[in-house]
Every structure is written in structure tokens, then in C-alpha cells.
Amino acid sequence: MSDSTVTIFFEGRAVAARAGTSVAAALWEHGVAALSHSPKYGRPRGVKCARGHCMNCLMRIDGVPNVRACLTQVADGMRVGRQDSGAPYGAPMQKVLDKGGHLFPVGFYYKWFTKPSALSRMFMSGLRPLTGVGRLPEPAAWADHGDTPPARDLGHIETLVIGAGIAGMGEALAADGEVMLVDDSLRCGGQRRAAFDLVTESAADVLNGLEHLAALRARLENLAARVEAEPRIEVRTGTTVVGAWQPDMLLLEDSEGLAVVRARHICWAAGALDAAPLFDDNDRPGLIGPRALYRLLARDGLDLAGRATLVAGRGFDAVLSAALLHTAGAKVTVALEPGRTGDPALLATANRLGWSLHTGQTIAAAHAQNDRLASVSLASTDGGTTEVPCDLAVIATRAKPAYDLAYQLGVDLVLDPERGGYVPRGADLGRLETTTPAGVGLIVAGEAAGLSPEALLQEVSA
Ligand code: FES
């Protein structure tokens, strides 16, 4: 992360930001946690996935509405603002809609006043701010946008593997023939590898004694080295799969723009999405999952020095999150779920590093002040509660397997409660393999197939 700073303007206020960080991280460091509001109830929304997977961070940036603040790097003179005020909707707007909703038929916003175009533009200009999707772009912003160049054609390949974490790298090595391996991270190994790098570079020797984490890191490094040395695997990092463009064609985006590619076989190993369990006010800005934390620290260099933080949950990601927060200079409290008393190595590490450790506790409620997380209530099985003040809480529970691409390719998916996600109907549940309606072979692997990181590590180590 660069040491130089730039100045952005948040709703007219000058804010200093490290060059290279994201708008969302820069605002959070300056006390702005609420980036938008929910359209229906006007609830404040903060950075959640830090990956472009949700709508929480849609802001107006340099006159353009609906720009993702978590994916946009700060630039000198950049103008940033919330595109909704929150206040016009929420309870007052609900009352209006309750009384007058029948006057607005479904789809009225694109059926009414479509001609002449000047009237349509006036209608949309008035309606958009009320709905929370922002005002239309400034004319200058349109002009800057220019023409989008046509997508490059990357041709046909034998196997396309999407996701370069443990599962994706394993599948790429196991596949026959030419393989293209794509990931939106900047290196093979995904977001956890970048998090491990930060932890191991620190002087605190945080991983000392945490053998399961050390084993996961070793596995990632080993796989990444083998993938990078394998000439038949073309690695494309910094590349996002936008979606299925045609039934057998995928649209990719990288630093050069858009590209299309076709493959005979696709392996979907895109991992899982952070999910929050149910508790009061579980949508407060400042509550995030471990994957978002990895990106905010490893990619954006979020400054957490001296901040009070909490990690709640279980498993690899809870411990890695605590290690990462410690490395970043935060004060760390760890709350392990009931039944997860913590192994002796974790207890010893928590003692050595000065973490406050609560066992047998789950989050019962979050509390906010000025739209920003202030504390979290922990509940124990005996009915007791403990309030933990914190600026940021990381919830590491069962994640939601990503199934987007399989769905877009037309695969018939069914919910598998055991895995906590959708799987191709009729596929062998040991290896989720199927064929799309367009005849493309599809394998769903790793956390996208519902495996936990622990199970994945065992599987690939076997
Ligand atoms: S898309 Fe930015 S926080 Fe989810």
C-alpha cells in the first residue's frame, strides 16, 4: 500500500486517503460507515462483501450514480456522496406507499411517460432520487465514458477453472489438456493467501502454535507454486467472470476491458459468500464476514490500529481473522460458539497475544451509534449476556456457497440443506459434475460445493 495520500471530497468535506485504497475503506477510517440506505426501510448499509457482490456500497462518485465504493480506488479530487438520504423513505415513505401504492401499477416506472424522450427524462430525474438509485449521471460523466471497446475473443479452451483457491488450483492441476485459471485476486491462492501473507510478514509470529492454520497456508503455497510452474495452465488473475454471455460463452473483465471465452469443461470453484446468522440488528454497518475482512486489510490496507474488534464464530476463518486483526494492530476479542471451546493451541495463542477470549458464546444483538457499530451483545447457553464494545465485528459462520454461474448456464439446481447451498439436480454429491443444456461439462468444487475450508484441506491433503 502506498504511503502517499490523496484528497477526496465526501459530500463536500475534504477527506485525506491513502493512495490505492478503496473509497469504502477511506470513508470507514474517517468515521463514515453508512454508505447507503436500504430502499424499503431506509436502514443504513455499510461495506459488506468488499467484492462487488452486494448493493450496500453503491454511491455517487464523480457525478456517476451506482458506483461500487468497495471496488473504486480513491483519486485526488474525487467527489463522493451517498445517493440517497435515507430519511425520505423508511417509516414516512412506508405510510405513503401503504395508502397510495395501488396508484402505482407494477413496472409503472418504465411504462409511464416514455414519450417524448424529454418527458421521460424529466420523469426519471424526479423519480430516481425517491427510490434510492441516485440521480441520473451528470452530462459530463456521460461524455467521459466514451464508447466501450468490443470484447476481445479469447477463443475456445479445453477447461476453464473459475476461482484459484485451494479447490480451483487442485482442479486445474488435475484437469487434462490446456487450462485457463481465472480469479479476481491478484495472485493464485485467493483472498486467504493474501491474508496469510500479511499475518506471516508481521513480527508478532502469530501463527506460531496454530498448526491447522500453518497447514492451510502451506497447502496454499504448495498448490500455487505447482500451478505457476505448470506450462499447460494459463493463469489470469485480476480477472472477474461477469457471467454467462451465451449458453456456452462466458464474459470476463480484466484491466484491459471485456473478453469472451468458450470452454468444453468449466470448473466452478468460486468459493462462498459471507453470511450473517440471525440476531437483532444483524445488518448494522461494521458487521462483516471474514472474506470481506481479508480484502479490506490485504487489498485496501484498512487502518485498524487501536480499534476494538470482535471475531465471533468458529473454524479456520475465525482464527485467521483474529490473527489478521492482531497483525493490523487492533484490539482483539474472540467469541467462540457453544461447543467450540477452543483447542489448547488457540487458548495459548490468545493468552500470548493478549486476546480476550469468550467460549460458548453467540451474538445476540448488535448496537449502533450514529449508524456505526458500537457494541455487540454475546449470549451464553446459561442465559447470561456480555456486552463487548467494538468498532468492527467479524462473523465467521457457515458461508453461503456461490452458485451464480451454474444458475446462469441453465443448470437445474436444487437446495441441499446438508451443504447449505444449491447443487446440480441429480449430480453425484461426492463430485458435483453435470452437463449444461448447451453441452458444456460443469464441475462445482470446493466451498462453492458446500465444503468448509477444514473439509477442503482434509480432502486435498488425503
Ligand atoms: S459490493 Fe461493495 S460492499 Fe458489497
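Residues numbered from 1 in each chain as written. Predicted model: local features only at pLDDT ≥ 70, side-chain atom pairs only at ≥ 80, totals over all residues.

Domain boundaries in the chain define domain 1 (1–147), domain 2 (152–273 + 400–461) and domain 3 (287–396). Contacts between domain 2 and domain 3 engage 19 residues on the former and 19 residues on the latter. At the level of secondary structure, the elements contributing two or more residues to the side of domain 2 that touches domain 3 comprise helix H7 (190–201), helix H8 (211–229) and helix H13 (453–461). Among the elements that take part in the side of domain 2 that touches domain 3, H7 stands out by supplying six residues, more than any other. Residue composition of the side of domain 2 that touches domain 3, by class: eleven nonpolar, five polar and three charged. (Domains from an automatic or database assignment. Contact = placed C-beta atoms within 7 Å. Helix = DSSP H or I, 4+ residues; strand = E, 2+ residues; numbered from the N terminus. Nonpolar A, V, L, I, M, F, W, Y, C, P; charged D, E, K, R; others polar.)

Once that is clear, we can look at H8. The end-to-end C-alpha distance of H8, which contains 19 residues, comes to 27 Å, matching closely the 27 Å that a straight helix rising 1.5 Å per residue would cover. Along H8, the residues classified as buried are Leu213, Leu216, Arg217, Leu220, Leu223, Ala224 and Val227. The buried residues of H8 occupy an angular sector of 135° when projected down its axis, which confines them to one face. Away from the buried face of H8 by more than 90 degrees, exposed residues Glu211, Asn222 and Ala229 are located. (Expected span 1.5 Å × (residues − 1). Buried ≥ 20, exposed ≤ 12 C-beta atoms within 10 Å, placed from the backbone. Arc of directions from axis to C-beta.)

This part covers the nonpolar core. Ranked by internal contacts, the top residues of the largest apolar core, which has 124 residues, are Ala24, Ile162 and Trp268. The dominant element in this core, judged by the number of residues it contributes, is helix H10 (residues 315–327), at eight residues. If we ignore the near neighbours within four places in the chain, the residues touching Ile162 are Gly168, Val182, Val241, Ile266, Cys267, Trp268, Ala269, Ala270 and Leu405. (Core = buried A, V, L, I, M, F, W, Y, C linked by C-beta atoms within 7 Å.)

We now examine the confidence of the model for the chain. Residue-level pLDDT values for the chain average 89, and 94% of them are 70 or greater. The least confident element of the chain is H13, whose mean pLDDT is 71; the most confident is strand E9 (residues 179–182), at 98. (pLDDT = per-residue confidence, 0-100.)

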